[in-house]
Protein chains: 2
Amino acid sequence: MIWHSILDFVSLNRHPAVMTDDAQTFMELALTEAVQAATRGEVPVGAVIVNETGEVVAQAGNRVEESNDPTAHAEMLVIQAATTAGGSPRLENCDLYVTLEPCSMCATAISFARVRRLYFGAFDPKAGGVEHGPRIYNQPTCHHAPEIYSGIEESRCSDLLRKFFAKKR
Amino acid sequence: MIWHSILDFVSLNRHPAVMTDDAQTFMELALTEAVQAATRGEVPVGAVIVNETGEVVAQAGNRVEESNDPTAHAEMLVIQAATTAGGSPRLENCDLYVTLEPCSMCATAISFARVRRLYFGAFDPKAGGVEHGPRIYNQPTCHHAPEIYSGIEESRCSDLLRKFFAKKR
């Protein structure tokens, strides 16, 4: 696993015209999905998958409450949409943006899909599976770890969650 | 988490007439799903969810290849089917039978769904997430661990996988 600071990743861009590495832009889109999820009464988490030419191939917010499906996390929904639409269970040249640190279910799915880079916003000490808990990508049995960029628009992503749960109380 | 030997669980049956705890019977059904998965070119893993009255509420085999979806493991499919059909993201009084030790994605989904008991067949030292790798239910951040019964029809479950992969080589 390769860890970069937020300042490093712009230089990785091989397609500057299409903003492949414009993390803020894609995280903005993920945040929009998170806000929409909140209006549906869902925990506000949004995700986006972007291919190597900078095209958004899938975007979604949580749908757990709406679908009564505990697996309907934003990351799962975009992986399912992008892989089935792309005709391959692998997203080797794609990057995934998500407003919250993925849980161990989603982190594993990201690994199975061979996602190239994972950008996430807020950290999740209670249920995260990347930098917390089972640290899925650090497991010797993990066959693929994406490059990880964490803390992208962190305060906006976490504020959204904080306000949502404050209202629920 | 409570661990039982295969000899313990028959005594847990509160509904003897409907075979709630007839693990062999339900694992047989999961094996049938696994065999059917193999005929579709899928890794032969099958799963079944049974409610507290012994009714099978969902059954499925892997669909990763067919759907090009890396998350389409048998366990995920039955959880998605049972929760959406039941109108609740929780399966608190249900048991899940699967022919192979769940990976960390599926183990986490099983926890999210609050599955009561998990019965699995073959052990998976390479990719399992229950007794191997991240040991999801042993994580301090895991909020719900099912009761676990492992090694049910183990040799038949693992033979099926071994033969499938031998043919692939």
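Residues numbered from 1 in each chain as written. Chains lettered and ligands numbered in written order. Predicted model: local features only at pLDDT ≥ 70, side-chain atom pairs only at ≥ 80, totals over all residues. Heavy atoms only, no water.

Colleague: In this structure, what is going on with the relation of the copies chain A and chain B? I would like to understand it.
Modeller: Two copies of the chain are present, and they differ by a rotation about an axis and a shift along that axis. The transformation that overlays chain A on chain B combines an axial shift of 0.0 Å with a rotation of 180°, and the residual RMSD is 0.0 Å. In symmetry terms, the pair is related by a two-fold rotation axis. Distance from the rotation axis, computed per C-alpha, reaches its smallest value in chain A at M105 of chain A: 1.9 Å. When the interface residues of chain A are mapped onto chain B, 100% of them are again interface residues, pointing to one common binding face. (Least-squares fit on C-alpha atoms with pLDDT ≥ 70 in both. Contact = heavy atoms within 4.5 Å.)

Colleague: Help me understand the interface of chain A and chain B in this model?
Modeller: Note on interface size: it is often stated as the accessible area lost on association of the parts. With 30 residues of chain A in contact, the opposing surface of chain B contributes 30 residues. Interface area for chain A against chain B, summed over the two sides, is near 2,300 Å², with a carbon-plus-sulfur share of 66%. A per-residue breakdown of the area chain A buries against chain B is headed by N68, P70 and F112 of chain A, which together make up 24% of the total. Along the contact surface separating chain A from chain B lie zero salt bridges. Here chain A and chain B share eight residue pairs in polar contact (both at pLDDT 80 or more) between them. Looking at the side of chain A that touches chain B, the elements with two or more residues in it are α2 (64–67), α3 (74–86) and α4 (104–112) of chain A. Residues of the side of chain A that touches chain B, tallied by class, amount to 13 nonpolar, 15 polar and two charged. (Buried area = accessible area lost by both parts, 1.4 Å probe. Salt bridge = Lys/Arg side-chain N within 4 Å of Asp/Glu carboxyl O. Polar contact = N/O pair within 3.5 Å; in protein donor to acceptor, adjacent residues only side chain to side chain. Helix = DSSP H or I, 4+ residues; strand = E, 2+ residues; numbered from the N terminus. Nonpolar A, V, L, I, M, F, W, Y, C, P; charged D, E, K, R; others polar.)

Colleague: Looking at this model, I keep getting lost on the pattern of salt bridges. Mind explaining?
Modeller: A complete count under the given rule lists 17 salt bridges over all chains for this structure. The salt bridge involving E147 of chain A is made with R117 of chain A; its shortest N-O contact spans 3.6 Å. Taken together, the positions of E147 of chain A in strand β5 (residues 147–150) and R117 of chain A in strand β4 (residues 117–122) put the pair 30 residues apart, joining distant regions of the chain. When sorted by exposure, E147 of chain A lands in the same class as R117 of chain A, which is buried. In this structure, the salt-bridge partner of D95 of chain B is R116 of chain B, at a minimum N-O distance of 2.9 Å. Residue D95 of chain B is located in strand β3 (residues 95–100), and its partner R116 of chain B is located in the loop between α4 (104–112) and β4 (117–122); the two are separated by 21 residues in the primary sequence. Residue class for R116 of chain B comes out buried when judged on its relative accessible area of 13%. Through salt bridges that share partners, D95, R116, R117 and E147 of chain A make up one connected network. (Buried < 20%, exposed > 50% of the residue type's maximum accessible area, 1.4 Å probe, protein only.)

Colleague: For this particular structure, what's the right way to read the packing of aromatic side chains?
Modeller: Two aromatic rings are characterised by how far apart their centres lie and by the angle between their planes. Within this structure, the stated rule accounts for 10 aromatic pairs over all chains. Ring plane angle 80° and centroid distance 5.4 Å describe the contact between F120 of chain A and F123 of chain A, whose orientation is recorded as edge-to-face. Judged by centre distance (5.3 Å) and plane angle (80°), the ring pair of F164 of chain B and F165 of chain B falls under edge-to-face. By the ring-pair criterion, three or more aromatic residues cluster together here, those being F26, Y97, Y119 and Y149 of chain A. (Phe/Tyr/Trp six-rings, centres within 6.5 Å; stacked < 30°, edge-to-face > 60°.)

Colleague: Where do I start with the packing of α3 of chain A against α4 of chain A in this structure?
Modeller: The axes of two packed helices give the description: the angle between them and the distance between them. Residue and element names in this part refer to chain A. Orientation of α3 relative to α4, taken along the N-to-C sense of each, is 25°, at an axis distance of 9 Å. Of the possible angle classes, the one that applies to α3 and α4 is roughly parallel. Both α3 and α4 take part in a crossing whose hand is left-handed. Side by side, α3 and α4 meet where E75, M76 and I79 of the first sit next to M105, C106, A109 and I110 of the second. Its residues placed into classes, the contact of α3 with α4 shows six nonpolar, no polar and one charged. (Axes fitted to C-alpha atoms, helices over the stretch in contact; angles between N-to-C directions. Parallel < 35°, antiparallel > 145°, perpendicular 65-115°, else oblique. Left-handed = near helix turned anticlockwise from the far one by under 90°.)

Colleague: Looking at this structure, how should I read α4 of chain B?
Modeller: Residues that lie three or four places apart on an α-helix share one face, since the helix turns once every 3.6 residues. A large share of α4 of chain B lies buried, amounting to eight of its nine residues. Regarding α4 of chain B, the residues found buried are S104, M105, C106, A107, T108, A109, I110 and S111 of chain B.

Colleague: Would you mind going over the confidence of the model for chain A with me for this structure?
Modeller: Low-pLDDT stretches of the model should not have their predicted coordinates read in fine detail. Residues with a pLDDT of 70 or more make up 88% of chain A, whose mean pLDDT is 89. Below pLDDT 50 for its whole length, residues 1–20 of chain A participates in 48 contacts with residues either more than four positions away or in separate chains. (pLDDT = per-residue confidence, 0-100.)

Colleague: Help me understand the side chain of E42 of chain A in this model?
Modeller: Residues and elements named next belong to chain A. As for its position among the elements, E42 is in the loop between α1 (23–39) and β1 (46–50). Buried E42, no salt bridge; nearest opposite-charge side chain is R40, N-O distance 5.0 Å. Polar contacts involving the side chain of E42 include one to the main-chain amide nitrogen of V64, which spans 2.9 Å. Within the structure, the side chain of E42 is placed 2.7 Å from the backbone nitrogen of E66, a separation counted as a polar contact. Once you skip the residues sitting within four places of it in the chain, E42 turns out to touch A37, N62, R63, V64, E65, E66 and F164. (Lys, Arg positive; Asp, Glu negative; His and termini not counted.)

Colleague: Can you help me understand the state of the cysteines in this one?
Modeller: Defined simply, a disulfide is a covalent bond joining two cysteines at their sulfur atoms. On inspection of all chains with the given rule, the structure shows zero disulfides over all chains. C103 of chain A supplies the cysteine sulfur nearest to C142 of chain B, a cysteine that is in no disulfide, at a spacing of 11 Å. Here C142 of chain B falls in the buried class, since its relative accessible area comes to 19%. (Disulfide = S-S within 2.5 Å.)

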